Amino acid sequence: MGEAILSDLLTEVLIPVAAAVGIGFALLQWVLVSKVKLTPERPAQGANKNGYSDYLIEEEEGLNDHNVVVKCAEIQNAISEGATSFLFTEYQYVGIFMIAFAVLIFLFLGSVEGFSTKSHPCTYDKSKTCKPALANAIFSTVSFLLGAITSLVSGFLGMKIATYANARTTLEARKGVGKAFITAFRSGAVMGFLLAANGLLVLYIAINLLKIYYGEDWEGLFESITGYGLGGSSMALFGRVGGGIYTKAADVGADLVGKVERNIPEDDPRNPAVIADNVGDNVGDIAGMGSDLFGSYAESSCAALVVASISSFGINHDFTGMCYPLLISSLGIIVCLITTLFATDFFEIKAVKEIEPALKKQLIISTALMTIAIAIVSWIALPSKFTIYNFGTQKSVKNWELFFCVAVGLWAGLIIGFVTEYFTSNAYSPVQDVADSCRTGAATNVIFGLALGYKSVIIPIFAIAVSIYVSFSLAAMYGIAVAALGMLSTIATGLAIDAYGPISDNAGGIAEMAGMSHRIRERTDALDAAGNTTAAIGKGFAIGSAALVSLALFGAFVSRAGIATVNVLSPKVFIGLIVGAMLPYWFSAMTMKSVGSAALKMVEEVRRQFNTIPGLMEGSAKPDYATCVKISTDASIKEMIPPGALVMLTPLIVGTLFGVETLSGVLAGALVSGVQIAISASNTGGAWDNAKKYIEAGASEHARTLGPKGSDPHKAAVIGDTIGDPLKDTSGPSLNILIKLMAVESLVFAPFFAAHGGLLFKI
């Protein structure tokens, strides 16, 4: 078989050191962002590259500099307080669920062998004895709580840095677009590196602590650790759905009354929903996205570890081989660190047109460097030949084959990213065609947007299909799990780019509310437009990785549940398949209706304030922002529970009543239909948003014929954008959690379903 070059001791040092470097780098970026002061003192003379001591390129015409800074600080505090208040409220409800579900895990898994404390024959090797099922129940529960808490902390930290950086980005825009870009991107990097490093470190510590009890029983150890992925994803579901409903209720309410009815600009301080809208960007796109990608990372790692534990790595107790997935993530942090310097230190942005290419270069550079890193880690951490568990048999695999599995996932992610960008950026013809369709009203805009979304599914699905075929052919289900990890290996850069979008969006809102000049707003709009496209790319990554993660978890579930083959022609499987394919539609209906009903209340409140507060439209009276924040908070907390319950209860009900075969059909059906709907929904919404921005910016002759703001084509574009809001920010991104969460939950509960499931068929 051959030995790995990298020793176990070096592996044990390398992983925590990489995580510590990631955390250290995140803190350094935070310190650099904090140098932008939110106080009105004029800085000392003398300039440096990052512009902390630069004078302003322009002075605000007719405005006192002191007032602008004070206003920005006040608005930032309002947004930060709103976001913190919402997350604390949400976490109280989620905390109750977390404890209840932890008890459920313990009871279900503990009852597999009647809460016995005796050792039992191992599932995959009956000649060996494994730790009792009760231990699996206890440690799966602990892992679940650990994953859930890490997910919540990741989302909360991301939200805090975003609300810390938004006004700073606005103030830096007065020095030039390059300075504002660096501040926004550095802030995004804080979140990206904290999340990637925390996820890796907590998982690594958990494995080492559980190893003390489990000793030689690696099968039980890594089966218990799957609870970590379940905890991460279940919190991500509530974060995504709750945050998505919050942000879109406010956004739709603000747009429909403010832009369409009252013909006032976006983020106008007279609009009562404007603070709630800016809060929503942070709780939905920052906290929700952070928890979502953390969940993907945790699940793909757990899926790979479970399969590896019953392969030669686990059988021979090869610790370095077992930690191959964690080593990929460790090198990913280092690669992303180098990549980030290209955006913030090696090159400087001087013009608006350089923003989007700079963000795209981040993806290309990180992917290229990561390919080299994967080749190195595959060569030094893996034996030249080993075996991988493949549905009852051991498949012989070479180390270079595993390199191809990870690399194909990595490059498939880049392809999905660029296809998403082509279909959602207003620099290309698809979005320009959607904008052009606004000439004849909102109906044609909606038709073109839906067609674009459906068409945008084609290439990403082929990319996912190729990566599945290649990785499965080379290394069975383990290959698919590490392909998913490959796609997520540059998660720190991906999240930095993704978080950059809402930070820039908030910066534009603050510039408008603080009454800054038109030139400042143009710069923040340019940052925001690029961020919109990169947010769509981030969602593409999340959905693509979710498909691979879900399939890897599905394979691990099928193996653990003892199903030899999943026969689609079997009635038990087929009914599961057709019901599973329906679930994403049911889930989307629930989340979209939730946004609609919450937006309805918001529209009524905004209209009421405009009609009843004297002087509000003239700007002589202040709107009641707090009531709008409360409407969004109450609606999202109330409305996130039914979709969450649908996803969490489906595997439990199907597995218990109908058994593992029907559940395998449900998982396959949900995966196949969920990925398609998620991609089309996200891209349709992104295209409508950027078609509106294309008309508003009026950067080309074609765009100017459709504008200006307030024209009939612009109003049609706003309606399309409003319809797309729940698609791209609530339903679409939440669907990738649905397919992952059901798969990881099924894997965690697989011992119970295999022993006691299918009650209806036993009657």
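Residues numbered from 1 in each chain as written. Predicted model: local features only at pLDDT ≥ 70, side-chain atom pairs only at ≥ 80, totals over all residues. Heavy atoms only, no water.

Trainee: Describe the overall build of the protein, listing the residues and the values that go with them.
Mentor: Secondary structure assignment for the protein yields 24 helices and four strands. Taken along the three principal axes of its C-alpha coordinates, the protein extends 85 × 60 × 45 Å. With 763 residues in all, the protein has 65% of them scored as buried. Considering only residue pairs separated by 6 or more positions, the protein has 84% of its internal contacts joining residues 24 or more positions apart. Put simply, the protein shows about 25,700 Å² of open surface, and 67% of that area lies on carbon and sulfur atoms. If you average the places of the 51 positive and of the 61 negative side-chain charges in the protein, the two averages end up 1 Å apart. (Helix = DSSP H or I, 4+ residues; strand = E, 2+ residues; numbered from the N terminus. Buried < 20%, exposed > 50% of the residue type's maximum accessible area, 1.4 Å probe, protein only. Contact = heavy atoms within 4.5 Å. Areas by Shrake-Rupley, 256 points an atom, 1.4 Å probe, with all protein chains shown as cover. Lys, Arg positive; Asp, Glu negative; His and termini not counted. Charge placed at Lys NZ, Arg CZ, Asp CG, Glu CD.)

Trainee: Run through the state of the cysteines, naming residues and quoting values.
Mentor: Scanning all chains against the criterion turns up zero disulfides. For the unlinked cysteine Cys-302, the closest cysteine sulfur is that of Cys-323, found at 13 Å. The buried category is assigned to Cys-302, whose relative accessible area is 0%. (Disulfide = S-S within 2.5 Å.)

Trainee: Can you explain the pairing of strand S3 (residues 385-390)? Please cite residues and give values.
Mentor: The element S3 is largely enclosed, with a buried count of five among its six residues. Here S3 pairs with strand S4 (residues 393-398) via six bridges, running antiparallel. From the neighbouring strand, Thr-387 faces S4, where its bridge partner is Ser-396. Taking the residues between adjacent antiparallel strands as the criterion, S3 and S4 are bridged by two residues, where Phe-391 takes a positive phi near 50°. (Pairing = 2+ DSSP bridges.)

Trainee: Can you lay out the environment of Gly-243 for me, pointing to particular residues and giving the numbers?
Mentor: Following the sequence through the fold, Gly-243 ends up in helix H5 (residues 218-261). With 487 residues separating them in the primary sequence, Gly-243 and Thr-730 have C-alpha atoms 8.0 Å apart. With sequence-adjacent residues up to four places away left out, Gly-243 is seen in contact with Phe-86, Glu-90, Phe-238, Gly-280, Val-283 and Gly-284.

Trainee: Can you lay out the pattern of salt bridges for me, pointing to particular residues and giving the numbers?
Mentor: A side chain with one charge can pair with a side chain of the opposite charge if their charged atoms come near. Applying the stated criterion across every chain, the model contains 24 salt bridges. Salt-bridge contacts for Arg-521 lead to Asp-525; the nearest nitrogen and oxygen are separated by 3.1 Å. With Arg-521 and Asp-525 both in helix H16 (residues 518-560) and four residues apart, this pair spans about one turn of that helix. Classification of Arg-521 by relative accessible area gives buried; the value is 11%. Overall, the relative accessible area of 30% leaves Asp-525 in the partly exposed class. Overlapping salt bridges, with partners in common, bring together Lys-248, Asp-251, Asp-528, Asp-689, Lys-692, Lys-693, Asp-721, Asp-725, Lys-728 and Asp-729 in one network. (Salt bridge = Lys/Arg side-chain N within 4 Å of Asp/Glu carboxyl O.)

Trainee: Tell me about the packing of helix H10 (residues 355-381) against helix H15 (residues 491-513), residues and numbers included.
Mentor: In the contact formed by H10 and H15, the axes pass within 10 Å of each other and the chain directions differ by 160°. By the angle class used here, H10 and H15 are roughly antiparallel. For the pair H10 and H15, the crossing hand works out as left-handed. Here Ile-355, Leu-359, Gln-362, Leu-363 and Ser-366 of H10 come into contact with H15, specifically with Thr-493, Ile-497 and Tyr-500. Among the residues making up the contact of H10 with H15, the classes are represented as five nonpolar, three polar and no charged. (Axes fitted to C-alpha atoms, helices over the stretch in contact; angles between N-to-C directions. Parallel < 35°, antiparallel > 145°, perpendicular 65-115°, else oblique. Left-handed = near helix turned anticlockwise from the far one by under 90°. Nonpolar A, V, L, I, M, F, W, Y, C, P; charged D, E, K, R; others polar.)

Trainee: Describe the layout of surface pockets, naming the residues involved and giving the relevant values.
Mentor: In this model, the largest pocket occupies a volume close to 1,100 Å³. Taken together, 36 residues line the largest pocket, and the ones lying closest to its centre are Glu-522, Asp-525, Ala-526, Ala-529 and Ala-697. Mapped onto the lining of the largest pocket, the elements with two or more residues apiece are H10, H15, H16 and helix H20 (660-697). The greatest single-element share of the lining of the largest pocket, amounting to 10 residues, is contributed by H16. The class makeup of the residues in the lining of the largest pocket is 14 nonpolar, eight polar and 14 charged. Considering only enclosed or pocket space, the second largest pocket measures out at about 390 Å³ in volume. (1 Å grid on protein atoms, 1.4 Å probe; cavity = no way out; pocket = protein on both sides within 12 Å on 5 of 7 lines; lining within 4 Å. Points joined across faces, edges and corners; volume = space filled by probe spheres on them.)

Trainee: Describe the side chain of Thr-730, naming the residues involved and giving the relevant values.
Mentor: Looking at where Thr-730 falls in the secondary structure, it is placed in helix H22 (residues 712-748). With a relative accessible area of 0%, Thr-730 lands in the buried category. Excluding anything up to four places from it in sequence, Thr-730 contacts Val-241, Gly-244, Ile-245, Lys-248, Thr-591, Val-595 and Asp-725.

Trainee: Requested: an account of the nonpolar core, with residues and values cited.
Mentor: The biggest cluster of nonpolar side chains holds 229 residues, and the ones touching the most others in it are Phe-181, Tyr-324, Ile-355, Tyr-478 and Phe-557. With 21 residues, helix H4 (residues 177-214) is the single largest residue contributor to this core. Counting residues in hydrophobic clusters, the runner-up holds 18 residues, among them Val-419, Cys-438, Tyr-694 and Ala-703. (Core = buried A, V, L, I, M, F, W, Y, C linked by side-chain atoms within 4.5 Å.)

Trainee: Go over the packing of aromatic side chains with me, naming the residues and quoting the values.
Mentor: With the rule as written, the count across this model stands at 29 aromatic pairs. Consider the rings of Phe-25 and Phe-193, whose centres lie 4.9 Å apart with planes at 70°: the pair is edge-to-face. Placement of the pair is Phe-25 in helix H1 (residues 8-34) and Phe-193 in helix H4, with a sequence separation of 168 residues. Its relative accessible area of 8% is what places Phe-25 among the buried residues. Its relative accessible area of 0% is what places Phe-193 among the buried residues. In this structure, Lys-131 packs its charged tip against the face of Tyr-213, placed 5.0 Å from the ring centre. Note that Arg-168 overlies the ring of Tyr-164, its terminal NZ or CZ placed 3.8 Å from the centroid. (Phe/Tyr/Trp six-rings, centres within 6.5 Å; stacked < 30°, edge-to-face > 60°. Lys NZ or Arg CZ within 6 Å of the ring centre and 35° of its normal.)

Trainee: An account of empty space enclosed by the protein is requested, with residue identities and associated values reported.
Mentor: A complete count under the given rule lists 10 cavities of 30 Å³ or more for this structure. Taken as a whole, the largest cavity spans an internal volume of roughly 300 Å³. Elements represented by at least two residues in the lining of the largest cavity include exactly H5, helix H6 (274-309), H15, H16, H20 and H22. Of all the elements, H16 adds the most residues to the lining of the largest cavity, at six residues. Here the residues of the lining of the largest cavity are counted per class, giving three nonpolar, six polar and 18 charged. What lines the second largest cavity is Leu-293, Leu-363, Ser-366, Thr-367, Met-487, Leu-488, Thr-490, Ile-491, Gly-494, Leu-495, Gly-538 and Phe-541.

Trainee: Which residues make up a nonpolar patch on the surface, and what are the values?
Mentor: A cluster of nonpolar residues, Leu-9, Val-13, Val-17, Val-21, Ile-334 and Ile-338, forms a patch on the protein surface that exposes about 470 Å² of accessible area. When residues of the nonpolar patch are assigned to their parent elements, the largest contribution, four residues, is made by H1. (Patch = residues over 30% accessible without salt bridge, like charges linked within 9 Å, V, L, I, M, F, W, Y side chains within 5 Å.)

Trainee: An account of unusual backbone geometry is requested, with residue identities and associated values reported.
Mentor: Both trends apply: most residues other than glycine have a negative phi, and most peptide bonds are in trans. For Asn-263, which is not a glycine, the phi torsion comes out positive at approximately 55°. Of note in the backbone geometry, His-317 takes a positive phi value of approximately 55° without being a glycine. The class of His-317 is partly exposed, set by a relative accessible area of 25%.

Trainee: Explain helix H12 (residues 429-436) to me, using residue names and the numbers behind them.
Mentor: Pro-430, Val-431, Val-434 and Ala-435 are the residues of H12 that are buried. Angular distribution of buried residues about the axis of H12 spans 140°; they occupy a single face of the element. Contacts made by the buried residues of H12 are with helix H11 (399-424), helix H13 (442-455), H20 and helix H21 (701-706). (Arc of directions from axis to C-beta.)

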